[in-house]
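If you want the building blocks of each chain, they are given just below.
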Amino acid sequence: MKVQWLGVEFPRLGPPHRAVGLIFSLLLGAWSAQALEMLVGKIPFLQAVNGSTVMLPCSYASCIGIKDLYFNWQFNDNGTMQKVCDSVIASETSVPKVTIYRERVEFVGMNRANNISILLWNITFEDGGEYTCFGRNPKEKGRNHSAIFHLDVVEELRVVDNTLTIMIASAVGGAIAALMGFMLLKNFTLYVLSKLEERNKECLVTSSGIDNTENGLSGSKADSKPTPKKK
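Bear in mind the structure is a predicted one, so any value in this text is a computation, not a measurement.

**Remarks on the environment of glutamate 156**
- Here glutamate 156 is to be found in the loop between strand S11 (143-154) and helix H2 (163-223).
- Exposure remark for glutamate 156: the relative accessible area of 61% places this residue in the exposed category.
- Each C-alpha atom of the pair glutamate 156 and alanine 48 lies 8.0 Å from the other, and the pair is 108 residues apart in sequence.

**Examining the sheet that holds strand S3 (residues 54-56)**
- Across the sheet, three strands lie side by side as S3-S9-S8; this open sheet has antiparallel pairing. With one partner strand each, in any of the chains shown, S3 and strand S8 (105-107) form the two edges of the open sheet. Ignoring which end each strand starts from, the neighbouring axes of this sheet average 30° apart.
- Pairing geometry for S3 and strand S9 (residues 118-120), over three bridges, is antiparallel. When the bridges of S9 are listed, methionine 55 appears paired with leucine 119.

**A short note on a nonpolar patch on the surface**
- Taken together, Leu185, Phe188, Leu190, Tyr191, Val192, Leu193 and Leu196 make up a surface patch of nonpolar side chains, about 700 Å² in accessible area.
- As for its position among the elements, leucine 193 is in helix H2.

**Here's the deal with the environment of isoleucine 89**
- Position of isoleucine 89 relative to the elements: it lies in strand S6 (residues 80-89).
- When its relative accessible area of 0% is taken as the criterion, isoleucine 89 is described as buried.
- Sequence spacing of isoleucine 89 and aspartate 68 is 21 residues, and the spatial spacing of their C-alpha atoms is 5.1 Å.
- In this structure isoleucine 89 touches Tyr60, Ile66, Lys67, Asp68, Leu69, Phe71, Ser94, Pro96, Asn111 and Ile116, once residues within four positions along its chain are discounted.

**Examining the side chain of aspartate 127**
- Along the chain, the position of aspartate 127 falls in the loop between S9 and strand S10 (129-137).
- A polar side-chain atom of aspartate 127 sits 2.9 Å from a polar atom in the side chain of arginine 104.
- The contact partners of aspartate 127, leaving out residues within four places of it in the chain, are Phe75, Arg102, Arg104, Asn122, Leu151 and Val153.

**What about the state of the cysteines?**
- Overall, the coordinates contain one disulfide when judged by the stated rule.
- Two residues share a disulfide in this structure: cysteine 58 and cysteine 133, whose sulfurs sit 2.0 Å from each other. Note on the cysteine 58 and cysteine 133 pair: the S-S dihedral is about -85°, so by sign convention the disulfide is left-handed. With cysteine 58 in the loop between S3 and strand S4 (59-61) and cysteine 133 in strand S10, this residue pair connects regions lying 75 residues apart in the sequence.
- Its relative accessible area of 2% is what places cysteine 58 among the buried residues.
- The thiol of cysteine 85 is unpaired, and the distance to the nearest cysteine sulfur, on cysteine 133, comes to 8.3 Å.
- In this structure cysteine 85 comes out as buried when scored by relative accessible area, which is 0%.

**Let's talk about the environment of threonine 124**
- Relative to the helices and strands, threonine 124 is located in the loop between S9 and S10.
- Judged by relative accessible area, threonine 124 falls into the partly exposed class, the value being 25%.
- Here the alpha-carbon distance between threonine 124 and valine 154, two residues 30 residues apart in the chain, equals 8.9 Å.
- Look past the residues within four positions of threonine 124 in its chain and what remains in contact with it is Asn50, Arg104 and Val153.
- There is a polar contact of 3.1 Å between the side chain of threonine 124 and the side chain of glutamate 126.

**What to know about the pairing of S11**
- Pairing between strand S2 (residues 45-49) and S11: five bridges, direction parallel. When the sheet's bridge partners are listed, leucine 46 is paired in S11 with leucine 151.
- Where S10 meets S11, nine bridges bridge the pair, whose relative direction is antiparallel. Counterpart to asparagine 137 in the pairing with S11 is arginine 143.
- In this antiparallel pair of consecutive strands, S10 and S11, the connection spans five residues, and lysine 141 shows a positive phi of 60°.

Thresholds applied
- Per chain, residue numbering runs from 1 following the sequence as it is written.
- Local features are withheld for residues below a pLDDT of 70 in this predicted model, meaning they are given only at 70 or higher, and side-chain atom pairs are given and counted only at 80 or more; totals for whole chains, interfaces and linings count all residues.
- Side-chain calculation: all heavy atoms of the structure are included, whereas hydrogens and water are not.
- Segments assigned H or I by DSSP are reported as helices when at least four residues long, segments assigned E as strands when at least two residues long, and all are numbered from the N terminus.
- Between buried and exposed lies partly exposed: a residue is buried under 20% and exposed over 50% of the maximum accessible area for its type, with that area taken using a 1.4 Å probe on protein chains only.
- Strand pairing follows a simple DSSP-based rule, namely that at least 2 bridges must link the two strands.
- An axis is simply a line fitted to the C-alpha atoms; with a helix, the fit covers only the stretch in contact. Between two such axes, the angle follows the N-to-C directions and lies from 0 to 180 degrees.
- For patch building, the residue pool is restricted to those with more than 30% relative accessible area and no salt bridge; the joining distance is 9 Å between like charges and 5 Å between nonpolar side chains (Val, Leu, Ile, Met, Phe, Trp, Tyr).
- Here the open area of atoms and residues is found with the Shrake-Rupley method and a 1.4 Å probe, where only the protein chains shown may cover a residue.
- In the sections that follow, a salt bridge refers to a side-chain nitrogen of Lys or Arg positioned within 4 Å of a carboxyl oxygen of Asp or Glu.
- Contacts are assigned to residue pairs that have any heavy atoms within 4.5 Å of one another.
- Polar contacts, as counted here, are pairs of nitrogen or oxygen atoms within 3.5 Å of one another; within protein the pair requires one atom able to donate a hydrogen and one able to accept it, and residues that are adjacent in sequence qualify only if both atoms are side-chain atoms.
- Criterion for a disulfide: a pair of cysteine sulfur atoms at a distance within 2.5 Å.

Here it is as structure tokens:
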């Protein structure tokens with residue numbers, strides 16, 4: 001008798017590079033969640049009048065903290081990046097000594113609440129354009145990030161015509177007022193009708209009681225005849 005061996009295939013694991021890629025992706029996601037981030041606010045642009053003073057906002061955020069954070073502001077002058085100011089922040093509580101490279105620029109952030117904003121005095125049309133807030137954190141192995149803020153310098157601010165907005169708001173308000181008036185009138189009408197119905201029911205019950213009383217009295221009068229006396 002011949003004995004045949006049946007081959008049993010064990011489940012194969014994926015290629016090694018897949019497992020390595022998955023682990024690398026998880027580590028990269030966790031590292032990105034703790035990475036440095038530069039923020040210029042929810043509205044990264046500003047329109048200002050020529051000759052006014054404006055603030056360019058910027059702050060940094062890092063989940064693991066900072067150490068010797070390097071930051072700078074740069075201005076995009078027709079494709080050429082010009083440094084506006086820069087400094088190194090030793091820790092979250094230290095006040096940096098900022099080097100200014102352009103005129104009419106003042107550092108006002110002072111690292112309060114991670115603030116590294118700057119002030120531009122007496123702006124001109126040449127000051128309009130893109131400003132980049134850059135940061136690099138050695139504590140995160142040199143992780144760096146930047147954010148762009150756009151400044152638009154105009155002769156005068158445009159007056160926004162709100163006529164259409166006012167008309168739409170008035171129409172919507174009038175419609176809501178009319179709907180509320182209709183609902184109040186409807187409720188008042190239902191209230192009056194319910195009161196009238198209750199009053200009619202009371203009148204019917206009262207008249208029915210009076211009729212029954214009269215019928216009872218007349219019947220008793222008809223039946224109560226004097227009995228003849230016997231002689």
